[in-house]
Amino acid sequence: AVVSTQSTGKCKMMVKARKELTVWRLPTILVVILKRFSYSGMWRNKISTMVRFPLDNFSAEGHTAGWVSNEKERKNYRLFGVTNHTGTLEGGHYIGCTRNPVSGDWFTYDDHVIRPMKGAQALKKEAYLLFYTSLSEKEDRAALR
């Protein structure tokens, strides 16, 4: 939720307002965009704060506005891709990391160079986009054990 001062439509009075975006139902593929750029007047800055995010068993329970009516609607997620942004706002470079869905092995894609990597190497402060897939019911039950 974002709290700010905004002008009302008709009378143009400045009032405190709360703006919030909520998710009613969880998708099969969940894309998380991390806010990495800030603007203050004419100044722009890159935010490079380390954000910790799970590789496996990310539980989305408690992150939705909807009422979870049954077990099928409760979702756990597994990270399968990360897009990292290196550089500045004026010039930068994107590097992708993905998990092979069959073997579980991780790879990094930097232009034409593809290299194997450890999954933990995807957890970088340059992370910009996170791609999660929901676990199947069978995987979900196994993950909760």
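Here the residue numbering is sequential within each chain, running from 1 through the sequence in written order. Local features in a predicted model are, by the rule used here, given only for residues with pLDDT of at least 70; side-chain atom pairs are given and counted only at 80 or more, and totals for whole chains, interfaces and linings are based on all residues. Side-chain calculation: all heavy atoms of the structure are included, whereas hydrogens and water are not.

Once that is clear, we can look at the environment of Val-32. Here Val-32 is to be found in strand E3 (residues 29-33). According to the relative accessible area criterion, Val-32 is partly exposed, its value standing at 26%. For the pair Val-32 and Tyr-132, spaced 100 residues apart in sequence, the C-alpha to C-alpha distance is 8.1 Å. Should any heavy atoms of two residues lie within 4.5 Å, those residues are counted as being in contact. Setting aside residues up to four positions removed in sequence, Val-32 forms contacts with Tyr-128, Leu-129, Leu-130 and Tyr-132. Helix and strand definitions follow DSSP, with helices as H or I runs of at least four residues and strands as E runs of at least two, each counted in order from the N terminus. A 1.4 Å probe rolled over the protein chains alone gives each residue an accessible area, and that area as a share of the maximum for its type sets the label: buried under 20%, exposed over 50%, partly exposed in between.

A word on the packing of aromatic side chains. What counts as a ring pair is set by centres within 6.5 Å for rings of Phe, Tyr and Trp (its six-membered ring), and what kind of pair is set by the plane angle: stacked under 30 degrees, edge-to-face over 60, tilted for all other angles. The final tally for this structure, using the stated rule, is five aromatic pairs. For the pair Phe-80 and Phe-131, a centre-to-centre distance of 6.2 Å together with 50 degrees between the ring planes defines the contact as tilted. Taken together, the positions of Phe-80 in strand E7 (residues 76-87) and Phe-131 in strand E11 (residues 127-134) put the pair 51 residues apart, joining distant regions of the chain. Classification of Phe-131 by relative accessible area gives partly exposed; the value is 23%. Relative to Tyr-128, the ring of Tyr-94 lies with its centre 6.2 Å away and its plane at 45 degrees, an arrangement referred to as tilted. Here the residue Tyr-94 occupies a position in strand E8 (residues 92-99), and Tyr-128 occupies one in strand E11, the gap between them amounting to 34 residues. For Tyr-94, a relative accessible area of 45% translates into the label partly exposed.

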